[in-house]
Amino acid sequence: MADAVLSAALRQDAPIPLDLAFDLRPGEVTALFGASGSGKTTVLRCLAGLYRPRAGRIRCNGAAWFDSDADLWVPPHRRRVGLVFQDYALFPHMTAETNVAAALGHLPKDQRPARARELLSLVHLEAFAARRPAELSGGQRQRVAVARALARDPEVLLLDEPFSALDRAVRVALYAEIEALRARLACPIVLVTHDFEEVARLADRVLVLETGRIVAEGDVGTISARADLPIIAAAAEAGSVLDATLVATLPDRRLSVLDTPAGQVLAPVIEAAPGTRLRVRIPARDVILADRVPEGLSVHNALAGTIDTIDPRPAGLADVVVVLGAARLRAHVTEDAVMRMGLAPGRPVVALVKSVAVTRPGA
């Protein structure tokens, strides 16, 4: 595991309770997820230097940004942090280029315009450099905000609900932008969001917050399989999230072949090059359990695994978690099916998944 770029421990009783500690690692997207008032944005503001907690510490690349024992607090302008807000926070009288150049104070003046254009090119806005924010769409304004955040060569990139003010189509386009950017950035990224589809699409690791505490932590696949977390159950349809690699597309069948930790899976055509890494989501209601691989069905995917847990749910249903290699797959079945098939932890089963049920989160 890579060494942490940033480590934090934050504590206070009021006005907003905090009692948590975590590390951020290079190239990793960490999502802070929780209900309103859980402390997500306060934690982000602490990292940015916009809020000083009562006690704790923050260290980034060996330098102390906050240490309550030493009465040390480094102000925001002395932290190399890129921060993208929900509402863009652009200067309305400046062009896209000069908005980005305004964050390049660490460079000589004559180098700033060229570097600003490079950053706009990184978010595919080089053709809009001369436009002011009022002349840009919401998605374009947010891309300018991302370029400006990157202008500081940040040691940490902080995204504070950056997609919530945008419509669905624009959000999906920006997801792709963030996915492309993360492949180029060595710094950790922190994403604050109330949308679990964004977590499933973009995050590597999830910190689930509740009243300023971390109540669950893990990779996205593990957290999405946690039927015992009310915030996950309330925020998204029950299901599983799998990392995948696009192996090939079968044009004659209009299907894509994916390698996942659960095995090879067929999905509807995904427009991407072979070797592309991506995320897929499988709803629990679309997983059928069988005791053998059936014949004569339209289902493309039959994955052999072992039952891990069975938890009763309301209305005569059961939440079953199946272990398939390194993956965990959730299935919703009736209690009657559990009894008829004699399902129990440790029992081998075959999980049947329709190809149309394998989709990209947030798409």
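This write-up is about the structure you can find in this document. (Residues numbered from 1 in each chain as written. Predicted model: local features only at pLDDT ≥ 70, side-chain atom pairs only at ≥ 80, totals over all residues. Heavy atoms only, no water.)

**Some details on the overall build of the protein**
Logical step 1: What the protein contains, in helices and strands, is 9 helices and 20 strands.
Logical step 2: Taken across its 363 residues, the protein has 49% of its residues classed as buried.
Logical step 3: Carbon together with sulfur atoms contributes 52% to the accessible area of the protein, which is approximately 16,600 Å² in total.
Logical step 4: Positive and negative side-chain charges of the protein, numbering 43 and 42 respectively, have mean locations separated by a distance of 4 Å. (Helix = DSSP H or I, 4+ residues; strand = E, 2+ residues; numbered from the N terminus. Buried < 20%, exposed > 50% of the residue type's maximum accessible area, 1.4 Å probe, protein only. Areas by Shrake-Rupley, 256 points an atom, 1.4 Å probe, with all protein chains shown as cover. Lys, Arg positive; Asp, Glu negative; His and termini not counted. Charge placed at Lys NZ, Arg CZ, Asp CG, Glu CD.)

**Side note on the pairing of strand β14 (residues 263–268)**
Logical step 1: One ladder, built from 6 bridges, connects strand β13 (residues 255–260) with β14; its direction is antiparallel. Each residue of the ladder has a partner; that of L255, found in β14, is P268.
Logical step 2: Counting the residues in the hairpin turn of β13 and β14 gives 2 residues. (Pairing = 2+ DSSP bridges.)

**A closer look at the sheet that holds β13**
Logical step 1: Taken in spatial order, the 4 strands of this open sheet run β14-β13-β12-β15, and their pairing is antiparallel. The two strands at the open ends of the sheet, each matched to only one other strand, are β14 and β15 (277–283). Mean inter-strand twist for the sheet, computed between neighbouring axes without regard to direction, equals 45°.
Logical step 2: As paired elements, strand β12 (residues 239–250) and β15 share 7 bridges and run antiparallel to each other. Paired with V241 across the strands is R281, a residue of β15. (Axes fitted to C-alpha atoms, helices over the stretch in contact; angles between N-to-C directions.)

**Focus: the pairing of strand β19 (residues 327–334)**
Logical step 1: Both strand β18 (residues 317–324) and β19 contribute to a ladder of 8 bridges, which runs antiparallel. Pairing of V323 across the sheet is with R328, part of β19.
Logical step 2: Remark: 2 residues form the turn of the hairpin made by β18 and β19, two consecutive strands paired antiparallel; G325 in that turn has positive phi of roughly 65°.

**Quick notes on the environment of V320**
Logical step 1: Along the polypeptide, V320 turns up in strand β18.
Logical step 2: Separated by 32 residues in sequence, V320 and I288 have C-alpha atoms that sit 10 Å apart.
Logical step 3: Filtering out sequence-adjacent residues up to four positions away, V320 remains in contact with L289, I307, T309, I310, L329, R330, A331 and V333. (Contact = heavy atoms within 4.5 Å.)

**With respect to the nonpolar core**
Logical step 1: Residues V100, L120, V144, L157, V199 and I223 are the most contacted members of the largest nonpolar core, which totals 49 residues.
Logical step 2: Ranked by residue count, the leading element in this core is helix α4 (residues 138–150), at 6 residues.
Logical step 3: Discounting chain neighbours no more than four positions away, the residues touching L120 are A96, E97, V100, L125, E126, A129, V144 and A147.
Logical step 4: Core analysis: the next-biggest nonpolar cluster, separate from the first, contains 31 residues, L246, L289, I307 and A327 among them. (Core = buried A, V, L, I, M, F, W, Y, C linked by side-chain atoms within 4.5 Å.)

**Details of the side chain of T30**
Logical step 1: Examined against the element boundaries, T30 turns out to sit in strand β3 (residues 29–33).
Logical step 2: T30 gets classed as buried once you look at its relative accessible area, which sits at 1%.
Logical step 3: Residues in contact with T30, not counting those within four places in the same chain, are L24, I189, V190, L191, R205 and L207.

**Here we look at the sheet that holds strand β17 (residues 301–313)**
Logical step 1: In space, the 5 strands of this open sheet follow the order β16-β20-β17-β18-β19, with antiparallel pairing throughout. Edge positions in the sheet fall to β16 (287–290) and β19, since each has one partner strand and no second. Adjacent strand axes in the sheet meet at a mean angle of 45°, parallel and antiparallel pairs treated alike.

**Brief notes about helix α5 (residues 168–182)**
Logical step 1: End to end, α5 covers 21 Å across 15 residues, agreeing with the expected 21 Å (1.5 Å per residue, within 8%).
Logical step 2: Looking at α5, one finds that the buried residues are R171, L174, Y175, E177, I178 and L181. Seen from one end, α5 has its buried residues packed into an arc of 165°, which puts them on one side. (Expected span 1.5 Å × (residues − 1). Arc of directions from axis to C-beta.)

**Some thoughts on the pattern of salt bridges**
Logical step 1: If you walk through the whole model with that rule in mind, you get 20 salt bridges.
Logical step 2: For D204, the salt bridge goes to R182, with nearest N and O atoms at 2.5 Å. Here the residue D204 occupies a position in the loop between α6 (196–202) and β10 (205–210), and R182 occupies one in helix α5, the gap between them amounting to 22 residues.
Logical step 3: A salt bridge links R292 to D291, with the shortest nitrogen-to-oxygen separation between them at 3.3 Å.
Logical step 4: For R292, a relative accessible area of 58% translates into the label exposed.
Logical step 5: Exposure remark for D291: the relative accessible area of 42% places this residue in the partly exposed category. (Salt bridge = Lys/Arg side-chain N within 4 Å of Asp/Glu carboxyl O.)

**Observations concerning the packing of α4 against α5**
Logical step 1: Running from amino to carboxyl end, α4 crosses α5 at an angle of 20°, the nearest separation of the two axes being 10 Å. Classed by the angle they form, the pair α4 and α5 counts as roughly parallel. As α4 packs across α5, the resulting crossing turns out to be right-handed. Residues G139, Q142, R143, V146 and L150 of α4 lie in contact with α5, whose contacting residues are V170, A173, L174, E177 and L181.
Logical step 2: Broken down by class, the residue content of the contact of α4 with α5 amounts to 6 nonpolar, 2 polar and 2 charged. (Parallel < 35°, antiparallel > 145°, perpendicular 65-115°, else oblique. Left-handed = near helix turned anticlockwise from the far one by under 90°. Nonpolar A, V, L, I, M, F, W, Y, C, P; charged D, E, K, R; others polar.)

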